[in-house]
Amino acid sequence: MRPHYASSIASIPPPKQQQYFEGNRKGEVNELKILVKNTLSEKDDKKKREVVKKVIAYMTLGIDVSKIFPEMCMASYTNDMVQKKMIYLYLTTYAEQNKDLAFMAISTFQKDCKHSDPKIRGFALRNLCSLRFSGAIEYLMPAIRESLSDIDPYVRKTAIMGCVKVYYMQPEFLSNIEEQLYKMISDNDPLVIINAIHALNEILAAEGGMALSKKLVDYLLGRLKEFNEWGQATILDELSKYQPKDDKEMFNIMNLLEERLKHSCSAIVLAVIKVFMNFTKNKPQVYEQVITRVKAPLVTLASISEGNLEIMYTILCHIKFIASKGYNQVFSQDYKCFYCRVDEPTYIKLIKLEILALIACDFNLGDMLNELGEYVTDVDQEISKKSIQALGAIALRLPDLANAIVKQLSSFITLQDYITNEVIIVFKDILRKDPKHIKDCLEIIQSDSVTDQNSKIALIYILGQFGSQIPLAPYILQTFIGVAESVELKHTLLTSCLKVFFCRAPEMQEILGQLFYSIMNNENEDIDLKDRAAFYYRALQNNPNEIKKLWQNGIKVDKFLEEQNINKEALLFEFNSLSVIYEKSVNKFIKPAEYFNNLRNKELQDQIQEQQQSTTAEKPDPVQDGFDIEHDITVSNVPIVQNQPNLLEISEQPKQKLIIDNFVLDYRIEVEYFESMWTSLNNGASITRTLARNDIANENAMEQLFNRYRLYNIAAGEEDNVLQMYFYGAHKCQVFFEFEINRNLNTVLLNTKSELEDYAYLAQKYVEDFLKQSNLIV
Amino acid sequence: MFSQIFILSPRGDTIINRDFRSDLPKSTPETFFRQAKTYSGDANPLFNVDCIQFAHIKRGGLYIVGTSRFNLQPAMSLELLDRLAKEIKDFCGVINEEVLRKNFILIYEILDESFDFGYPQLMATEQIKPLIVNEPIQPQPDSVMNSLRPKIQTFNIFVPNTMGSQAVQRSVLNKNQANEIFVDIYEKLNVLFNSSAYVINQSIEGCIQMTSFLQGNPPLKLALNEDLQIGRQQGQYSAGVILDDCNFHECVNANELDMNKTLRIQPPDGQFVVMNYRISGDYAAPFRLFPIIEEISSSKIEVTIKLKACFDAKIIASYANVRIPIPKQTANAYPELVKNAQQETAEYDSNKKIIEWQIKKLCGGQERSLKIKLTLQATQTAHTARKEIGPIAMNFEIPMFNVSRLQIKYLRIEERGNTTNPHRWVRYITQSSSYVCRI
């Protein structure tokens, strides 16, 4: 393609819009651009390499070097692979923002796709397929189709990935590719097979991925060892979706896979376990055998993992998951493997503590209590708190052994405040379930080092519940009256004071009175709390005995949330998925692709806005003067957010038309500015019409036609009977057009973009009208 | 699979940033770093922010991060990042910020071959080697030393600090590479003593690691002890080496292990772990610690620690560091070494309230001791403060020594072809994993 820029640009001084890109780095990027330009003619590859490398370095730092795109396109005609690799990386990164210019690069890619060296063929194809803009597809598909049957597996496997890339750009181009991909599963090369599986899973995602027949399963299992670790993990993951026809088939597969449990790669071991679990989920006895069988490999991975702490964490999460499904006994023997080590990061220690809490049982509890007791004094507060919680959880789960735990927890009271705080909360839960432990808790309850909000609430609850057994209860409660605390705490305080009042009226009467007074006479008090206090107050005035009866006729709680150590929701978590790590169902952390597309677009918009805001703050845009201001539509340089009310108005009157007189005459912008606006603006309007007249469908005629309607050409090029032109104009705001006449298909394509979306639509209409008038389209 | 892979410096600067799928926001590196910093310690390896999944590993202080919008296989994603880190190590020799910054183009190349559209492709070092066109750039020699040997030994994992290991810190791309293979048996000891020097918990985590520079990747045969036994039966006593459990690398065929204690290996290039094992049985701890705490007065405490090396006199520990946490309320602390102490230092870090006692060389059978005089602030008495002393943690490395007695009887190169007999280097290294004495 031969692009040329409208010749008028050079003679006219650039407008001030280029200030949009005035930044600290503009100078640097410009310098770099010149440097690249100058080095292009050099013969010394070493020098060139250094310059290209510099560009990539800038790119990595997140500096926008898309301006150098034309120069980099030129540089891509090199035979030096070192440069070529870097340049291709650059081109694929910025192609999206430089669609028009990216066409220049395509020919190089195409040429390399036919190179005699398969390494280069594959490499070029991979990069060609990574050019992310719709126009590239036409060039892509022939190359992909050809490469799918290349003699070299490296090229074939790359071509398959190319299909997936096309699928995300324009899936309609991939008609009937599935059949071919299924065929490629019988390829000789393992990587080709794996990529075909990945591709099928993405392309057929809506139907639940690749279809698995018994034949296919047998075939893949037979070749399993030819694949690398990731390939095996992928196949095993596929296999976990398969349902064997009968027990015989099931056991055959399981026996075949059993030795894979000895693998040091955790991805494979977990994938095998998932297959086993899914196969046997409806056969509880076999399932339990499976769990017992996989214990040792899991524990091994959790203790070694080649020093890979991150993997260790993942395995521990899965062990916790299995234990929490009711198989905690399986790991009880190995409790010492879950002791915390001095050099482990906090995230490992925390998950180990959770596992210890789950697998504690009569025979290991003695050792474990000592161990957990040590962690309570750990320097890391998080560990300390977690170990107290773990002790509490064990006490709740094993009520027969709770006594020892309560005694141990009580012994921590002389230690730090945060320890006391945590212990109180744990005591609250234990006492709710089993009030008999109150005598062992007395000392800590009456200590005065409770500082945390939640711990205070827990303490107040305990004081209320066991007011008759705690001598100091009324006086401790008294200290909370009138103190600035949360509403939640005051609600609890009110309840607890009443409870104590009913058993120790003489001591409490005055204190309760104080409480009522402090709540009801506080103007700013929470209205619900006030209501409640007033209600109790009046009720007590009327008939205290009746209230007492009512109050003490409490509901008996016999089911505790903590007792259900099997997490119902967790039963549905998919093994070997992130659900197990986060302990959340998949719909809580996975969103569809559109969600992220919106995020990406928003990110782009914010960027533009930021740039615009910074410029408007400095200088008003001179273009504004060219507009008539009778319309209430704000001009382009004002941030988009402020325009929103106006946008609504426009959309309410869609019949509004743009008139030629309102377009700025001889409006001029720079090529770079056009490029950046074109790429940064959101998609506006787009139409495709049938070409009606061939005689004026050429570059010159079109430029003249558009000029007449005050739209100006900035770049144009023609190749393979496709004429592509770019126009722009300024009305209330700037509008940009991509105009394409495709003589092969006999179509006219018009893409319009504008800073105000409605304007893109209006401008589109405007062009369509004059194209119709000139009979170019019907 | 992965949408993007990026590598960040410890300060959050982007060193490498590769977007494979363009389906997530571009600001993910900042999002990641911000979230990672919210953790009090190291960040969880897997977390999500706004439904973007982040998987990361930390190597040489660097964050190697993969992002995705899919429900990843957690283990696989982390293994992939780990594999990537190993590839980088194989090609660059070492992995640290300076090396990565110097070789970022090479790393882009590796990334490009390793992943396509976020899916793992060629990930074995020898498969990628012929596709790589860039040469590794070696960092300044003195800076390598700096980065490898921090003044205070951190609790490294399987990173030996002995001189010999420098040999394997080089790139597989080195053209003048000798035809040789390094075999290391690492054992990491986990020992927990209670206050009366009684062992509460002990275990060994070991591995056989190879770094292969063999030309043509010939098959190997590795023979282990004849009295080796895998799997421990309850109440069974055996004089042999008993491993509780073990696992093997993809390239290992362990079918003959039970019969004649040999492993068949088809070695890849670069570094890989042949076999991992764990042992939970009793063994003689190589170091013993004897702490004595005396309350001199209500505000003064004296801590005496004796360290004994309980191994053969011919063996020398290359370093042994002892770290003693002391009470938060300490006003001052004076660690005192024995007179004429050589190659020994003891320092008080008043910020962390830790005494670091470092011993450079320690021969088997020797004994060392350290006395620490503590003065407390007025707010705490010696009686309550003494509870805050400890636990004492040890960090050491003993070359040419292993506790499990697992041995390599021979390493045979099966199809040598015409090349000269390659060098085979076998080392044994014992390190501390968690070597702790409670008080």
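Residues numbered from 1 in each chain as written. Chains lettered and ligands numbered in written order. Predicted model: local features only at pLDDT ≥ 70, side-chain atom pairs only at ≥ 80, totals over all residues. Heavy atoms only, no water.

**With respect to the overall build of chain B**
Scanning chain B for helices and strands turns up eight helices and 28 strands. The contacts in chain B between residues at least 6 apart in sequence include a share of 71% that link residues at least 24 apart. Total accessible area on chain B is roughly 17500 Å²; 49% of this is exposed by carbon and sulfur atoms. (Helix = DSSP H or I, 4+ residues; strand = E, 2+ residues; numbered from the N terminus. Contact = heavy atoms within 4.5 Å. Areas by Shrake-Rupley, 256 points an atom, 1.4 Å probe, with all protein chains shown as cover.)

**Brief notes about the interface of chain A and chain B**
Listed by partner, the interface residues are 96 residues for chain A and 94 residues for chain B. Across the chain A to chain B interface the summed buried area is about 8200 Å²; carbon plus sulfur atoms make up 53%. Residues Arg-126 of chain A and Asp-112 of chain B are paired through a salt bridge, measuring 3.2 Å at the closest nitrogen-oxygen approach. For the side of chain A that touches chain B, the element with the most residues is helix H8 (residues 153–169) of chain A, which contributes seven residues. Broken down by class, the residue content of the side of chain A that touches chain B amounts to 47 nonpolar, 23 polar and 26 charged. (Buried area = accessible area lost by both parts, 1.4 Å probe. Salt bridge = Lys/Arg side-chain N within 4 Å of Asp/Glu carboxyl O. Nonpolar A, V, L, I, M, F, W, Y, C, P; charged D, E, K, R; others polar.)

**Here's the deal with the environment of Val-722 of chain A**
Residue and element names in this part refer to chain A. Examined against the element boundaries, Val-722 turns out to sit in strand S4 (residues 722–730). What makes Val-722 buried here is its relative accessible area of 16%. Among all residues touching Val-722, those that are not within four sequence positions of it are Gly-717, Glu-740, Ile-741, Asn-742 and Asn-744. (Buried < 20%, exposed > 50% of the residue type's maximum accessible area, 1.4 Å probe, protein only.)

**With respect to the sheet that holds strand S15 (residues 262–265) of chain B**
Adjacent strands of a sheet form backbone hydrogen bonds with each other and so pair up, either parallel or antiparallel. All names here are of chain B. Sheet architecture is open: four strands sit in the order S14-S15-S10-S27, paired in antiparallel fashion. Among the strands making up the open sheet, the edge pair consists of strand S14 (252–253) and strand S27 (408–413). Of the strand pairs in this sheet, strand S10 (residues 220–224) and S27 are connected by five bridges, and their pairing is antiparallel. The residue bridging Leu-220 from the neighbouring strand is Ile-413, located in S27. (Pairing = 2+ DSSP bridges.)

**Regarding the side chain of Lys-320 of chain A**
Residue and element names in this part refer to chain A. Tracing the sequence through the fold places Lys-320 in helix H16 (residues 309–332). One polar contact links Lys-320 to Glu-354, side chain to side chain, over a distance of 2.4 Å. Setting aside anything within four residues of it in sequence, one finds Lys-320 in contact with Ile-351, Glu-354, Ile-355, Leu-358 and Glu-583. (Polar contact = N/O pair within 3.5 Å; in protein donor to acceptor, adjacent residues only side chain to side chain.)

**A look at the packing of aromatic side chains**
Residue and element names in this part refer to chain A. Within this structure, the stated rule accounts for 46 aromatic pairs over all chains. Put simply, the rings of Phe-663, Phe-706, Tyr-709, Phe-727, Phe-739, Tyr-766 and Phe-770 pair up and form one aromatic cluster. Directly above the aromatic system of Phe-123 lies the positively charged group of Lys-85, at a separation of 5.7 Å from the ring centroid. Above the plane of the ring of Tyr-595 lies Lys-591, whose end atom (NZ or CZ) is 4.3 Å from the centre. (Phe/Tyr/Trp six-rings, centres within 6.5 Å; stacked < 30°, edge-to-face > 60°. Lys NZ or Arg CZ within 6 Å of the ring centre and 35° of its normal.)

**Overview of the confidence of the model for chain B**
When pLDDT is averaged along chain B, the result is 85; 90% of the residues meet or exceed 70. Taken together, the chains of this predicted complex give a pTM of 0.79 and an interface ipTM of 0.88. (pLDDT = per-residue confidence, 0-100.)

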